[in-house]
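# Working through the structure, step by step
For reference, the chains in residue letters:
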Amino acid sequence: MTNHWIDLRNSDCVLIMGANPAENHPISFRWVLKAKERGAKVVCVDPRFTKSASQADIYARLRSGTDIAFLGGMIKYILDNDRMHRDYVVNYTNASFLVDDGFSFDAATALFSGYDEARNAYDEKTWQYRFHRVDPDARPETMTPAQRTEYDRVKALADAREPLKDPTLQDPRCVFQLLKRHFARYDAATVSQVTGTPVADLERVYAAFSTTGAPDKAGTIMYAMGWTQHTVGVQNIRAMTIVQMLLGNLGRAGGGVNALRGESNVQGSTDQALLFHILPGYLKAPRASQQTLDDYLKVNTPTAIGRNSANWWGNTPKYMVSLLKSMFGDAATPANGFGYDWLPRLQDSGNYSWMHLFDEMYEGRIRGLLAWGMNPACSGPNSTKTRQALAKLDWLVNVNIFPNETGWFFEDPGLGIRPEDIRTEVFVLPAAASVEKEGSISNSGRWMQWRYKAADAPGDALPDAEIMDLIFHELRALYQAEGGALPEPILNAKWDYFREHGGHREADVRAIAREINGYFLKDVTIGDKTFKAGTLVPAFGMLQADGSTSSGNWIYCASYTEAGNMSMRRTREPHGIGLNPEWAWAWPVNRRILYNRASVDPAGKPWKGTIPVVEWVGDRWVGDVPDGPWPPLAAEGGRLPFIMRADGHAALLATGLKDGPFPEHFEPLESPVTRNPFNGRLQNPVAARFRGELDKVAACGSDQYPYVCSTYRVTEHWQTGVMTRNAPWLLEAVPQIFVEMSEELARDLGIRAGEQVRVSSIRGALTAVALPTKRLRPLQVHGRTVHQVGLPWCFGWRVPNDGSGGDSANLLTPCAGDPNTTIPESKAFLVNIEKIDAVTQSAHLLPRRRNA
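I will try to describe carefully the structure that is included in this document.

The rules behind each value
- All residue numbers here refer to positions counted from 1 along the written sequence of the relevant chain.
- A pLDDT threshold of at least 70 governs which residues receive local features in this predicted model, and a stricter bar of 80 or more applies before side-chain atom pairs are shown or counted, although totals over entire chains, interfaces and linings include all residues.
- Side-chain numbers here rest on the full set of heavy atoms in the structure, without hydrogens or water.
- We call two strands paired when DSSP finds no fewer than two bridges between them.
- Strands are runs of DSSP state E lasting at least two residues, helices are runs of H or I lasting at least four, and both sets are numbered from the N terminus onward.
- Nonpolar cores were defined as sets of buried Ala, Val, Leu, Ile, Met, Phe, Trp, Tyr and Cys residues, with membership established by side-chain atoms within 4.5 Å.
- Only protein chains enter the accessibility calculation, which uses a 1.4 Å probe. A residue is then buried if its area is under 20% of the maximum for its type, exposed if over 50%, and partly exposed in between.
- Within this scheme a cavity is a closed region of a 1 Å grid, computed over the protein atoms alone, that accommodates a 1.4 Å probe without allowing it to escape, whereas a pocket is open but has protein on both sides within 12 Å along at least five of seven lines; lining residues each have an atom within 4 Å of a point.
- Grid points are joined across faces, edges and corners, and a volume is the space filled by probe spheres set on the points.
- Each residue is assigned to one of three groups, with Ala, Val, Leu, Ile, Met, Phe, Trp, Tyr, Cys and Pro labelled nonpolar, Asp, Glu, Lys and Arg labelled charged, and all others, Gly among them, labelled polar.
- Stacked, edge-to-face and tilted labels apply to pairs of Phe, Tyr and Trp rings (six-membered ring for Trp) whose centres lie within 6.5 Å, assigned for plane angles under 30 degrees, over 60, and everything in between, in that order.
- Sitting over a ring, as applied to charges here, requires NZ of Lys or CZ of Arg to be within 6 Å of the ring centre and within 35 degrees of the ring normal.

Strand order in the open sheet made by the 3 strands is S15-S16-S23, with antiparallel pairing throughout. Looking at which strands have only one partner, the edges of the open sheet turn out to be strand S15 (439-442) and strand S23 (585-586). Pairing of S15 with strand S16 (residues 447-451), which is carried by 4 bridges, proceeds in the antiparallel orientation. Note that in S16 the partner of Gly-439 across the bridge is Arg-451.

One finds Leu-15, Met-17, Val-45, Phe-70, Met-74, Val-205 and Leu-246 to be the most contacted residues of the largest nonpolar core, which totals 71 residues. Grouped together as the second largest cluster of nonpolar side chains are 37 residues, Ala-310, Phe-338, Ile-555 and Ile-643 included.

On to the pairing of strand S18 (residues 504-507). As a general feature of sheets, a regular strand has side chains that alternate between the two faces. As defined by bridge partners, strand S17 (residues 498-501) adjoins S18 across 4 bridges and the pair is classed as antiparallel. Within S18, the position partnered with Arg-499 by the bridge is Glu-506. Where S17 folds back on S18, the antiparallel hairpin that results is connected by 2 residues, among which Gly-502 adopts a positive phi of roughly 60°.

This next bit is on the layout of surface pockets. The computed volume of the second largest pocket comes to approximately 350 Å³. Together, 22 residues line the second largest pocket, and Val-714, Glu-716, Val-734, Phe-738 and Leu-771 are the ones closest to its centre. At the level of secondary structure, the elements contributing two or more residues to the lining of the second largest pocket comprise helix H1 (21-24), strand S28 (738-742) and strand S30 (765-773). A total of 3 residues in the lining of the second largest pocket trace back to one element, the largest contributor, which is S30. In the lining of the second largest pocket, the residues fall into 10 nonpolar, 5 polar and 7 charged.

Evaluated as defined, the whole model comprises 36 aromatic pairs. Arranged with centres 4.7 Å apart and planes meeting at 75°, the rings of Phe-97 and Tyr-129 form a pair that is edge-to-face. With Phe-97 in the loop between helix H5 (86-92) and strand S4 (105-106) and Tyr-129 in the loop between strand S7 (121-122) and helix H6 (145-159), the pair connects residues that are 32 residues apart, well separated along the chain. Under the relative-accessibility criterion, Tyr-129 is labelled buried at 11%. Between the aromatic rings of Tyr-556 and Trp-585, the centroid separation amounts to 6.0 Å while the plane-to-plane angle is 40°, which identifies the pairing as tilted. Placement of Tyr-556 in the loop between strand S20 (529-531) and strand S21 (560-561) and of Trp-585 in strand S23 is noted, with a sequence separation of 29 residues between them. Each member of the pair, Tyr-556 together with Trp-585, is buried. Sitting above the plane of the Trp-447 ring, Arg-592 keeps its charged end 4.5 Å from the centroid. Sitting over the face of the ring of Trp-408, Arg-798 holds its NZ or CZ atom 4.6 Å from the ring centroid.

Given below as structure tokens:
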């Protein structure tokens, strides 16, 4: 989240799209209702009439997988009706920047300039800005004074890498005009044909949310997996960020782009790099071509673009070296690149995300797996492929708090392989639950909050850190005794966070928290103050690139200082806008709203009539912790607010994405339609695809699989249900898998509520309980009726152990996903539904649960 949960109450218009917070984030929804009490409009756009929709002032349906069409229409509406916050757009976005003359988009092929068909990838060379340049043959000494003055002016701009701009936004090559032309095709009538949303509903949503383009209004977006789990997932979010930039809603109270994380510590786990392409603090993972630390830093440390850019990623050397010192301690020296030489490298074109890993397992190239706190047999796409991949492993380690489908995959009645024919050796390690260990969580709003241990873990269960410690020490002993390939990372790792207690080694989680914050390793003088070796670094601005500081994660530097553990704080804000700066701690440096210097005009004054977040008073900022200490933009030495971008501006046109600098509508991999009226291509040309024997894909417009299906969660169950299906009172509430469908579709198929039906895709099938409902309605798409259905994905065959719960909805989902993140497309795929006749009903009938 750019903002935080409580800040939702400050919004004038809350758009819920790609999420269902009333059911899946129910406590958070309190703050939406607080906003409503203040007079805010709540808008919900969703294929289903959800509990969130029931609380909305405006509700609109859309066909799953058409969010870019919907939002593209909103962008056009804002531009056509002059609803944008012009001063914000001109000063704080790249709208005025001129773009390379070679940049283009061809609607006939749906390709941006730079597409390489052989590589099925884009070269971004033509997506770049145009810069001020001086004539290399110019002779300043021969110039007149006026010519020399102009030459010096342009040279200074060129030296600062200042882009060419048109503040009037009229130049046909400026980003604003390119954006306007790109979305000119997204008129309401065409959007309605594609999304199935009536034109009147589109215009109600567009009109309501675009009112927040007024300087005295702010609007926020709440989104979750309903946007991300698509072959255009990243571009869904990009489309909404463009809306928020045009309306001036980033950095402001009640504004922002707010991702709703699916678990209490997903944000924290991402921050700590539980994804293959990053290191802690979102530093990039080393690639094979970056053989030395200097190679890595040269590639990954950006140069500032423009005189007013803070270019905060220019500090990458400080953060990387401090991370390496935290990892390897005294063994990290300049001679070995501070331990960089020991880090694993990703292949330059390698992808190590979920679907790729299980594809490698299925092909027999990965022979062992540690499934830690996960249940991939139910949680990943195409579960049949996943489970068969597990059967090809030599060994599997399953770390969890309850028995689950992954650890017992060989008992799956639908696997089709006899247990005695499976060679995989399975190790089950029971783990402590969250309340059985101490530590921190970081929530969706980036708040790091300390949690205390409430009870001991039962039996042999251990906290995760202590399981890791046992494995680590065994590995280190093996390397010491036997040697082996690349022993240095194991032998040189700094590993002093455990203490002997009661006959076993216990994790000192507070010591780990201090290591994540970081230490001065030598006496360091900064300004007029000297910090002694061994003291905690008070803020990441003091980290050094010479090996004199450590930090396990630079964005968490300041979370644990000499004043104590900031995440333990519990002082409420008695009044104000809900920042609560003394409650826990937020990264970075306790900043509660990111990019908050965009909440003021270039002179540093809050936009007229708004809730102030920060303000420049005299010679300093007051309010929230500002995005950097510099003066506001109009002052001498002022800096732009979007400090994590090299040019300091929010990007209406963005480089760095694999599928283009602007969002473009494409149909899901499996779609009920066969044409795309916005362009000449049906699907994202660079989407992540797999083409193995089990990676079957239904044809678009298929008669065999005619219905659009989405998977989703329910309030009573958590993820795949490993925890909640083992809680009898929750299983009693929602005991088995069901399929929601419209009453119209149920009538067409002769299906009544409670009957057993077979739901199938080209990849697999399952039996579910039919749930006809008014929450779903048929949609009119390209002049014909399209039906949508939905399945929760929180079930599996092992619990309940009588099989009455059914199996995972992911038996049906495809191995296909977004080209940038490779997140699977679980929100839009094709299925068929068949009534199970009375004769076979008893054979398929899911057994009723025994009385609790």
